Amino acid sequence: MQRWSRSICRSMLHLLAVALLSSCSALQGLSADVDDAGDAGNEDSVFPQPAEGQLAGAASTPELAAAADAEYALITEIYERASPSVVNVESAFTVAGSDAEEKRRGSGFVYDRIGHIVTNAHLVKDADSITVTLHNAWVTDARLQGLDSFSDLAVLKIETAQERLTPLQIGESANLKVGQRAISIGSPFGLNNSMTMGIVSGLGRSLRSAELIGGPQMPGFDNPAIIQIDTPINPGTSGGPLLNSSGQVIGITTAIRSDNGVFQGVGFAVPADTMRRVVPELIERGRVDYAWMGLSVMPEDGGFGVAGLSEALGLTVERGVLLKGVARGSPAALAGLRGGHETIEVRGQAVCTGGDLIIAINDYHIKNLDDLNAYLIQNTVPGDEIELLVIREKRTFKAELRLQPRPNDNRPTLDCDSTG
């Protein structure tokens, strides 16, 4: 999280770190900045003027004008339908070691007519008090119903008449395509019900879970299937809905990647399919239990996933999860899966080889570890039995295992570093 303008939040991440989008203080100096930037008479105006004799824009045709009018009408209609469902969330905290109070400000949206509000976990975790402001400026206290820092999702509960509450329709994120429209509504810098628009610019990203921000990491699980967007989002937008062209929620804005704490064209949203899995459990139980297999793999970035290692290791496929090791006593170990047993050098890096290669789970063919984790998070719970399709030394077989809850500690693994 970061404090904007002249105040800086203690936990803001620097140097290309992922910054959570809660606004940690009231914006200071905004009006002066806007006045300077918007001075049309200033020679240094940010709005360039066309040179003499140069046209300001290309000539339009009736067809183009009609298409533009239809586009504007669609976006306006989405805003008019969705904005009454978007709320402002403000949480107060006592600063450790003092009596000072700190506030975090962000967004959320109405989930149902009985008063459940969905927002980001990092906005409300450990809050002394939480306030929700509806679109018409009606303010009420909120109670924390449930929180899951791993997915950075939280559910609040407010008490109010149903007529005040207009739930948003939850869409699906599994079939999103890069280039699709991505619309954000939230409260950047406290400016309630602000809309910005862009596109889905990437899919299948992963983020360090919010539970790891500012604290020790035990298992160190990443949040997979994250949506990357170029939609402008800023502090105060965090927790607000990301919408498609039908006005359905496809994600929840949560973070940006930046080297200076300012939006630089890369934002992230938790996908709707993760929310479909997590939110009902938060409402019912206040927490979420995730399934665990107990796998250890090589870091897949830098060309060391299955596709990048396929030629060097003589693999017969270019998709899947190559096991470096399995945790002792884990579902994977109990099912007889094996980690690597030989270390070789590939492109100057030590690679643990000889382990099993998982290529499918329940007949769903996986691309990589993030794809496998996304399937587990969105489709399974502890206790489920799953079937894996595995390649071992060019032999393909099926392995069945029963998923366990995620452990609270790191388990030793059987791999190149521990076997023999």
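Residues numbered from 1 in each chain as written. Predicted model: local features only at pLDDT ≥ 70, side-chain atom pairs only at ≥ 80, totals over all residues. Heavy atoms only, no water.

Of regular secondary structure, the protein possesses 7 helices and 24 strands. The contacts of the protein with a sequence gap of at least 6 include a subset with a gap of at least 24, amounting to 64%. Of the roughly 20,300 Å² of accessible surface on the protein, 49% is carried by carbon and sulfur atoms. (Helix = DSSP H or I, 4+ residues; strand = E, 2+ residues; numbered from the N terminus. Contact = heavy atoms within 4.5 Å. Areas by Shrake-Rupley, 256 points an atom, 1.4 Å probe, with all protein chains shown as cover.)

In this section: unusual backbone geometry. The phi dihedral of aspartate 363 is positive, around 70°, even though this residue is not glycine. Note on placement: aspartate 363 falls in the loop between strand S19 (357-361) and strand S20 (364-365). Positive phi, normally seen in glycine, also occurs at glutamate 393, with a value near 50°. By the element assignment, glutamate 393 lies in the loop between strand S21 (385-392) and strand S22 (395-402).

On to the pattern of salt bridges. Using the criterion set out here, one finds 14 salt bridges in the structure. Of the charged contacts, one joins arginine 105 and glutamate 90 as a salt bridge, the two residues approaching to 3.0 Å between their closest N and O atoms. Within this pair, whereas arginine 105 is found in strand S3 (residues 101-110), its partner glutamate 90 is found in strand S2 (residues 86-94), the two being separated by 15 residues in sequence. Glutamate 90 sits in the partly exposed class, given a relative accessible area of 22%. (Salt bridge = Lys/Arg side-chain N within 4 Å of Asp/Glu carboxyl O. Buried < 20%, exposed > 50% of the residue type's maximum accessible area, 1.4 Å probe, protein only.)

Spatially, 6 strands are ordered S2-S3-S4-S7-S6-S5 in a closed barrel, and the strand pairing comes out antiparallel. Put simply, the sheet's adjacent strands are angled 40° from each other on average, direction ignored. For strand S5 (residues 129-133) and strand S6 (residues 139-148), the ladder comprises 4 bridges, and the chain directions are antiparallel. For threonine 131, the partnering residue across the bridge sits in S6 and is aspartate 141. This element, helix H4 (residues 272-285), spans S3, strand S4 (116-119), S6 and strand S7 (153-157) of the sheet and lies at about 45° to S7. (Pairing = 2+ DSSP bridges. Axes fitted to C-alpha atoms, helices over the stretch in contact; angles between N-to-C directions.)

The next subject is the confidence of the model for the protein. Per-residue pLDDT for the protein has a mean of 84; in total, 81% of the residues score no lower than 70. Counted against residues more than four places away or in other chains, residues 25-56, with its pLDDT under 50, gives 20 contacts. Between residues 212-218, whose pLDDT stays under 50, and residues either more than four places distant or in other chains, the model counts 9 contacts. (pLDDT = per-residue confidence, 0-100.)

Let us now look at H4. The end-to-end C-alpha separation of H4 is 20 Å, in line with the 20 Å expected for 14 residues at 1.5 Å each. Of all the bends in H4, the largest measures some 25° and sits at valine 278, one to four residues before the proline proline 280. Regarding H4, the residues found buried are Ala272, Asp273, Thr274, Met275, Arg277, Val278, Val279, Glu281 and Leu282. The first or second residue beyond H4 is glycine 286, which carries a positive phi of 85°. (Expected span 1.5 Å × (residues − 1). Bend = angle between axes of the 7 residues up to and from the residue.)

Turning to the packing of aromatic side chains, a few remarks are in order. On inspection of all chains with the given rule, the structure shows 2 aromatic pairs. Aromatic pair phenylalanine 150 and tyrosine 290: ring centres 4.9 Å apart, planes at 65°, arrangement edge-to-face. With phenylalanine 150 in the loop between S6 and S7 and tyrosine 290 in the loop between H4 and strand S14 (291-292), this pair connects stretches of sequence that are 140 residues apart. Summarising the burial analysis for this pair, phenylalanine 150 and tyrosine 290 share the class buried. Ring geometry for tyrosine 364 against tyrosine 375: centres 5.4 Å apart, planes inclined by 15°, an arrangement best described as stacked. On the criterion of sequence distance, the pair formed by tyrosine 364 in strand S20 and tyrosine 375 in helix H7 (residues 369-379) is long-range, its members being 11 residues apart. The class of tyrosine 364 is partly exposed, set by a relative accessible area of 33%. Lying over the aromatic face of phenylalanine 304, arginine 347 brings its terminal NZ or CZ to 4.8 Å of the ring centre. Of note, arginine 406 hangs over the ring of phenylalanine 150, and the distance from its end group to the ring centre comes to 4.1 Å. (Phe/Tyr/Trp six-rings, centres within 6.5 Å; stacked < 30°, edge-to-face > 60°. Lys NZ or Arg CZ within 6 Å of the ring centre and 35° of its normal.)

A few words on the nonpolar core. Judged by nonpolar contacts, the single largest core of 29 residues is most densely connected at Phe109, Leu153, Leu243, Val249 and Met275. Of all the secondary structure elements, the ones that give two or more residues to this core are helix H2 (62-82), S7, strand S8 (181-186), strand S12 (249-258), strand S13 (267-271) and H4. It is H4 that contributes the most residues to this core, 5 residues altogether. Counting residues in hydrophobic clusters, the runner-up holds 21 residues, among them Met293, Leu337, Tyr375 and Ile386. (Core = buried A, V, L, I, M, F, W, Y, C linked by side-chain atoms within 4.5 Å.)

With respect to the secondary-structure elements, glycine 240 resides in the loop between strand S10 (222-229) and strand S11 (241-243). The spacing of glycine 240 and glycine 106 is 134 residues in sequence and 7.6 Å in space, taken between C-alpha atoms. The residues touching glycine 240, leaving out its near neighbours within four places in the chain, are Ser107, Gly108, Ile185, Gly251, Ile252 and Thr253.

Before going further, it helps to examine the pairing of S13. With 5 of its 5 residues buried, S13 lies for the most part within the structure. Relative to S13, S10 runs antiparallel, the two sharing 3 bridges. Pairing of glutamine 228 across the sheet is with phenylalanine 268, part of S13. Strand direction decides the pairing type here: S12 and S13, joined by 5 bridges, are antiparallel. What sits directly across from glycine 251, in S13, is proline 271.

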